[in-house]
Amino acid sequence: MNFYDSDKMTDLLKPHGYQLDDNEDDADLIVLNTCHIREKAVEKTYSELGRIRDKINTRKANTGKKSIVAVAGCVAQAQGKEIMKRSPWVDIVVGPQSYQNLPELIAKVDPINKNKNISIDFPTIPKFDQLNATIEERGPSAFLTIQEGCDKFCTFCVVPYTRGAEYSRPLTSIIGEAKKLVDVGVKEITLLGQNVNAWSSKGLDNENWGLGKLIDELAKINELKFIRYTTSHPLDMDIELIKSHRDNKKLMPYLHLPVQSGADNVLKMMNRKHTSKQYLKIIEKVREYNPKIAISGDFIVGFPGETEKDHLSTLNLIKQVNYAQAYSFKYSKRPGTPGSVFLNHVNEDIKNSRLYEVQELLRSQQLSFNKKTINTTMKVLVLKKGKKKNQYIGRSPFNQSVYFSPYANNENLIGSFLDLNITEAFQNSLKGNIIPNF
Ligand code: SAH
Ligand code: SF4
C-alpha cells in the first residue's frame, strides 16, 4: 500500500513542478514514506532520517539550498510530535489519510524560518476524492487501493490506529481509476486493502456488492488482462469471491489469506475471531472451486503466551495447507495495542528458533510448489529487464517471478504476455523458455 501511496504522492506533486529523482543529493523535496507494522520498520525510519539529515546538510553547505523533508505514512501518523522532536530537520509530518494535503503543506513551509507542519487527522472527506491527479506512468502492473483501514482490532496490530476505520472506496471511483491505469498501458491490476475482501459498495444495480462482483465488473475492461488482490481476511472470504476464482479467467489463481497461528487459544488471544478449523475449511472450499490455486499466508510466531504445543499446532496447520508461499514474522510489541501489555511475552531466543522452524517448513513447501511447475506452460506478463544481460523478468499467474531470455536481443518485451515453458525452479523464482507463437 505504501508503494501505491508513494505513486499517488508523485502524481499529486507533478502539477506543482516536482518530478521524481533517483538521487537525493540534490533533491528540493525528500518524502520518506514509512511503515509502522513492526518495530523494525520504525527503527528504519529514524536511521533513514539520520542519513537524510547528512544529505541535506551537505547540500546546504555546497549549494546554499535548503531541502524540504516530509515524513509520510504510518510512523508519521503514530509518532508525529516525536519525529519533530527527535529530528528537527523534518519540516512536514503527514499521515496516510491526509497526504492529499501535501502540496498545501509544502507551500506553507517557510524556507527561512522553516515553519513546521503536522497533518495527521482522519479527515471526513475521503482522501480518494481529492486524489484525482493525472496518472502518467505505471508500467505493465499497478496497484489500486479499494479499501483502507480496519475495524477488527487484532490485539497485535497497529493498523486500526494508524490507517483508521474500515473504508470502502465507491465502485465508480475504482472503475474510473482502473480505466485511467489501462489508458497508460497497465495490463495487470492488484487491488489493495488492509482487508481487501471486506470491500463492499453499492453496485451498478443498486444492490450491495462485494469483492467478487467488483472483480467481475473490472474484468469487463478489455485491456485489463490480469487481476489480483491482497490482503484478505478469513472472516470476509465469501462464496461469491471464491466462485470468481473458478469463473473469472482474469482473476489470477493466487490467494493470500493470513491465519497468523494454528493454535485456537492463541487466535483467541489475538482476537482473530476465527479458529484454525474455520480457516482450513475456507482453504478447502477455495480449492474445491479452483484446485490449482496457489495459497499464501502470514504467520506470527511468539505471540504472548504461545507455548511449544501452540507452536506445533502452527507447524501442523502449515503442513495441512501446504502453502505455495507465505510470510512469517516474530511477534513485535506495538505501543498502544492490547498485546503490548500482555504479561507473558515470549523470550527472544525462543521466538528466533520458532521463526526458523516455521520458515524452514514454508521454504520447503514453496520450493516443491515451484518444482511442480517444471515442464508446464504459463502465460507470463513481462514486467522488467533482469540484472543479467539479455534477461527479462515476468510474473506467473501464481505470483512467481520467471526469468527468461528473448529471441532477438533488441526486442522490447516489457508489457507483453508470453507463453513460457518452465525449465527450472528455485526457491524464489522460475526459469523458462519462450514458446514460439506461430
Ligand atoms: N489484515 C490482514 C493483515 C494486515 S497486517 C489480516 O488480518 O490478515 C500484515 C501482516 O503483518 C499481518 O498479517 C501480520 O502477520 C503482520 N503483523 C502485524 N502486526 C504484527 C506484529 N505486531 N508483530 C508481528 N507481525 C505483525
Ligand atoms: Fe490488523 Fe488485519 Fe487484524 Fe485488521 S484484521 S487488526 S489489519 S491484522
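Remember, it's a predicted structure, so these values are computed and weren't measured experimentally.

(A) Fine view of the sheet that holds strand β12 (residues 254-256). Read across the open sheet, the 3 strands follow the order β12-β13-β14; overall the sheet is parallel. Edge strands, defined here as strands with exactly one partner in the open sheet, are β12 and β14 (325-330). Recorded for the sheet is a direction-independent mean angle of 10° between the axes of neighbouring strands. Note: strand β13 (residues 294-301) against β14, 6 bridges, orientation parallel. For G297, the partnering residue across the bridge sits in β14 and is A326.

(B) View of helix α1 (residues 2-13). Taking 1.5 Å per residue, 12 residues should reach 16 Å; α1 reaches 16 Å between its end C-alpha atoms and fits that length. Burial in α1 covers these residues: Y4, D5, K8, M9, T10, D11, L12 and L13. Buried residues belonging to α1 abut β1 (29-34), β2 (68-73), α4 (102-108), β5 (141-145), α6 (171-183) and β8 (188-192).

(C) Region of the structure containing the domain arrangement of the chain. Each assigned domain of the chain is listed with its residue range as follows: domain 1 (2-119), domain 2 (127-371) and domain 3 (377-434). A separation of 29 Å is found between the C-alpha centroids of domain 1 and domain 2. Facing 21 residues of domain 1, the contacting portion of domain 2 comprises 26 residues. Regarding the contact of domain 1 and domain 2, the summed buried area is about 2100 Å², with carbon and sulfur atoms giving 53% of it. In this assembly, domain 1 and domain 2 are joined by 4 salt bridges. A salt bridge links R138 to D7, with the nearest nitrogen and oxygen atoms 3.6 Å apart. Broken down by element, the residue count for the side of domain 1 that touches domain 2 peaks at 8 residues, all from α1.

(D) Geometry of empty space enclosed by the protein. Taken as a whole and assessed by the stated rule, the structure comprises 1 cavity of 30 Å³ or more. Here the largest cavity defines a volume of roughly 40 Å³. Along its surface, the largest cavity is lined by Y4, D7, K8, R138, A142, F143, E177 and L181. Within the residue set of the lining of the largest cavity, elements represented by two or more residues are α1, β5 and α6. When grouped by side-chain class, the residues that make up the lining of the largest cavity number 4 nonpolar, no polar and 4 charged. Of the domains in this structure, domain 1 (2-119) and domain 2 (127-371) are the two that each give at least three residues to the lining of the largest cavity.

(E) Broad picture of the sheet that holds β1. In space, the 4 strands of this open sheet follow the order β1-β2-β3-β4, with parallel pairing throughout. The sheet terminates laterally at β1 and β4 (117-119), the two strands that pair on one side only. Along the sheet, successive strands turn relative to each other by an average axial angle of 10°, direction set aside. As paired strands, strand β3 (residues 92-94) and β4 are joined by 3 bridges and run parallel to one another.

Cut-off values and rules
Residues numbered from 1 in each chain as written. Chains lettered and ligands numbered in written order. Predicted model: local features only at pLDDT ≥ 70, side-chain atom pairs only at ≥ 80, totals over all residues. Heavy atoms only, no water. Pairing = 2+ DSSP bridges. Helix = DSSP H or I, 4+ residues; strand = E, 2+ residues; numbered from the N terminus. Axes fitted to C-alpha atoms, helices over the stretch in contact; angles between N-to-C directions. Expected span 1.5 Å × (residues − 1). Buried < 20%, exposed > 50% of the residue type's maximum accessible area, 1.4 Å probe, protein only. Contact = heavy atoms within 4.5 Å. Domains from an automatic or database assignment. Buried area = accessible area lost by both parts, 1.4 Å probe. Salt bridge = Lys/Arg side-chain N within 4 Å of Asp/Glu carboxyl O. 1 Å grid on protein atoms, 1.4 Å probe; cavity = no way out; pocket = protein on both sides within 12 Å on 5 of 7 lines; lining within 4 Å. Points joined across faces, edges and corners; volume = space filled by probe spheres on them. Nonpolar A, V, L, I, M, F, W, Y, C, P; charged D, E, K, R; others polar.

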